Amino acid sequence: VGFYKPHLPFVAPRKDWEALAGVEVPLPPPGKIESPYWHSSSEFYQYRLPFPAERPLPVESTMQARRAYLACVRYVDRQIGKLLRELESLKLADRTVVIVWGDHGWHLGEQQIWGKHSPFERALRSVLMIRAPGLVRPGRSCDALVETIDLYPTLVDLCRPRFTRTEHPLDGKSLVPILRGTQESVREAAASYWKDAVSIRGATHRLVARIRDGRPDHVELYDLSEGPDSTVDLSGEEPELVRKLSAHLPAGPRL
């Protein structure tokens, strides 16, 4: 089942907006990221906004936009709840794998970006929740690095279809060892792509690079151990870490 929200425009039912009326919504950390991968949030600003389209948005407008996004999330949460209740009523809940996932994250003013379309942490970290009754103990969480291409081999492992092989080898890795707690991870790093940029997420840092003529170009490195919104490029200070993460870039010459 696909849900369009929380997508622009941030319009949600009144009950979801009013439910957040008394909720204190935190402001994004200050600071703009100085990078050629930064963008001016054109998708966000093309909509008719209920406040002046200033760059950056002032505090009151920022709070309103962030609250509207959360109202859209609350709306989708309610729809997922309806589906789960229907599975219960149809007596299918105990034999249905449910995966809640999103195809990307979203900047809500962090690094002075509103939107996706970036190779940074906020745009590339997305929701992933998996329920597999009788196969996975509920209530567990982890911070293992995964990719969305891992979902298909995970479902193959969980559902055990009649076929035993695929037409082509799979690039994804089954997450079942993580779900069952027998392994802490299945990947050392996770790769993402945006236009000509490739982003490699390690345990504590994110590397961003363009591939030009088969070689990495304009490399940036961000430390995410203190939070997802670093604006300081450390590529010149951490050459060994740059070399380590660049080994996960697409096939071609390494740094």
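Residues numbered from 1 in each chain as written. Predicted model: local features only at pLDDT ≥ 70, side-chain atom pairs only at ≥ 80, totals over all residues. Heavy atoms only, no water.

Asks: Please give an account of the overall build of the protein chain that cites residues and values.
Replies: Looking only at helices and strands, one finds 7 helices and 8 strands in the protein chain. Overall size of the protein chain, expressed as C-alpha extent along the three principal axes, is 55 × 50 × 30 Å. Buried residues in the protein chain amount to 39% of all 255 residues. Put simply, of all contacts in the protein chain between residues at least 6 apart along the chain, 59% involve residues at least 24 apart. Put simply, the protein chain shows about 15600 Å² of open surface, and 52% of that area lies on carbon and sulfur atoms. Computing the positive centroid from 35 side-chain charges and the negative centroid from 33, the protein chain places the two 7 Å apart. (Helix = DSSP H or I, 4+ residues; strand = E, 2+ residues; numbered from the N terminus. Buried < 20%, exposed > 50% of the residue type's maximum accessible area, 1.4 Å probe, protein only. Contact = heavy atoms within 4.5 Å. Areas by Shrake-Rupley, 256 points an atom, 1.4 Å probe, with all protein chains shown as cover. Lys, Arg positive; Asp, Glu negative; His and termini not counted. Charge placed at Lys NZ, Arg CZ, Asp CG, Glu CD.)

Asks: Hey, could you go over the pairing of strand β7 (residues 205-212) for me, with residue numbers and the actual values?
Replies: Judged by how many residues are buried, β7 sits mostly within the fold: 6 of 8 residues are covered. Pairing of strand β6 (residues 197-201) with β7 involves 5 bridges; the strand directions are antiparallel. Pairing of serine 199 across the sheet is with valine 208, part of β7. Of the strand pairs in this sheet, β7 and strand β8 (residues 215-223) are connected by 7 bridges, and their pairing is antiparallel. Note that in β8 the partner of valine 208 across the bridge is glutamate 220. The loop that links β7 with its antiparallel partner β8 comprises 2 residues; one of these, aspartate 213, has a positive phi angle of about 55°. (Pairing = 2+ DSSP bridges.)

Asks: Could you give me a rundown of the pattern of salt bridges, with the residues and numbers involved?
Replies: Between side chains of opposite charge, pairing is possible as soon as their charged atoms come close. For the structure shown, the criterion picks out 14 salt bridges. The residue glutamate 121 makes a salt bridge to arginine 206 at a minimum N-O spacing of 2.8 Å. Of this pair, glutamate 121 sits in helix α4 (residues 121-124) while arginine 206 sits in strand β7, and the two are 85 residues apart along the sequence. With a relative accessible area of 5%, glutamate 121 lands in the buried category. (Salt bridge = Lys/Arg side-chain N within 4 Å of Asp/Glu carboxyl O.)

Asks: Please provide a residue-by-residue account of the nonpolar core, values included.
Replies: By size, the foremost hydrophobic cluster in this structure holds 13 residues, and its most contacted members are Phe10, Phe44, Leu57, Trp106, Leu108 and Trp114. Put simply, the parts of the chain that give this core at least two residues each are α2 (42-45) and α3 (59-89). Broken down by element, the residue count for this core peaks at 4 residues, all from α3. What leucine 57 contacts, discounting residues up to four positions off in sequence, is Phe44, Tyr45, Phe51, Pro52, Thr62 and Trp114. One finds Ile200, Leu207, Leu221 and Leu245 within the second-largest nonpolar core, a separate group that totals 12 residues. (Core = buried A, V, L, I, M, F, W, Y, C linked by side-chain atoms within 4.5 Å.)

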